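# Summary of the model geometry
Listed here are the chains, written in short residue letters.
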Amino acid sequence: MTPRDPDCLFCKIVAGEIPGEVVHETETTLAFRDIQPQAPTHVLVVPKAHHPNAVATAQADPSLLVDVVLAAGRVAEQEGLVERGYRLVSNTGQDAQQSVDHLHLHVVGGRAMQWPPG
Ligand code: DGP
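In short, a report on the structure. (Residues numbered from 1 in each chain as written. Predicted model: local features only at pLDDT ≥ 70, side-chain atom pairs only at ≥ 80, totals over all residues. Heavy atoms only, no water.)

Mapped onto the elements of the fold, Glu 79 is located in the loop between helix H3 (62-78) and strand E4 (86-89). Once the C-alpha coordinates of Glu 79 and Gly 109 are considered, the two residues, 30 residues apart in sequence, prove to be 8.8 Å apart. (Helix = DSSP H or I, 4+ residues; strand = E, 2+ residues; numbered from the N terminus.)

On to the side chain of Asn 53. Structurally, the position occupied by Asn 53 is in the loop between strand E3 (41-47) and helix H2 (54-60). Separated by 3.1 Å, the side chain of Asn 53 and the backbone nitrogen of Val 55 make a polar contact. For Asn 53, the residues in contact, after removing those within four places along its chain, are Thr 92, Gln 98 and Leu 103. (Polar contact = N/O pair within 3.5 Å; in protein donor to acceptor, adjacent residues only side chain to side chain. Contact = heavy atoms within 4.5 Å.)

Arg 33, Asp 34, Asn 91, Ser 99 and His 106 are the nearest of the 16 residues found near the ligand. Arg 33 has a polar backbone atom sitting 2.8 Å from a nitrogen atom of the ligand. Take Ser 99: an N or O atom from its main chain is 2.6 Å from an oxygen atom of the ligand. Protein chains bury 84% of the 510 Å² of accessible surface belonging to the ligand in isolation. Sorting the residues of the shell around the ligand by element identifies helix H1 (9-14) and strand E2 (29-33) as the ones contributing at least two each. With 3 residues, the top contributor of residues to the shell around the ligand is H1. Considered class by class, the residues forming the shell around the ligand number 7 nonpolar, 7 polar and 2 charged. (Near = heavy atom within 4 Å. Areas by Shrake-Rupley, 256 points an atom, 1.4 Å probe, with all protein chains shown as cover. Nonpolar A, V, L, I, M, F, W, Y, C, P; charged D, E, K, R; others polar.)

Here we come to unusual backbone geometry. Note the cis peptide between Trp 115 and Pro 116, where omega equals 5 degrees. Within the secondary structure layout, Pro 116 lies in the segment after strand E5 (105-109). A positive phi angle is found at Gln 97, which is not glycine, with a value near 65 degrees. Structurally, the position occupied by Gln 97 is in the loop between E4 and E5.

As structure tokens, this is what we get:
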């Protein structure tokens, strides 16, 4: 059974209760455009099952974390980001400014980026 948090925004997008601009889907993952894009391409890749962050996902269901990373790679290919590169970001916790406690990989690309992040 797929764990779900009834109060979770991304669980609602996965369930189709809140609209999302979906760009890729697998049996276990969904990818949709970020509502506040920080670059020409900014897609969020989430597991359909609710897990609060990447480490919790790896602990609970390691192959699901692999599914999410592979889906992010497919999105990068689809969006034409592979040649020039892109960033995969997974904010975790308060200091990292994680605002939705459902694992999501930000796939960000289409412009040159800075390091370190702010
Ligand atoms: P984070 O701060 O790492 O937890 O990223 C959460 C992202 O989710 C943030 O970049 C904005 C995005 N976001 C928030 N609400 C919505 C929404 O309703 N739809 C979509 N597509 N993205 C959202």
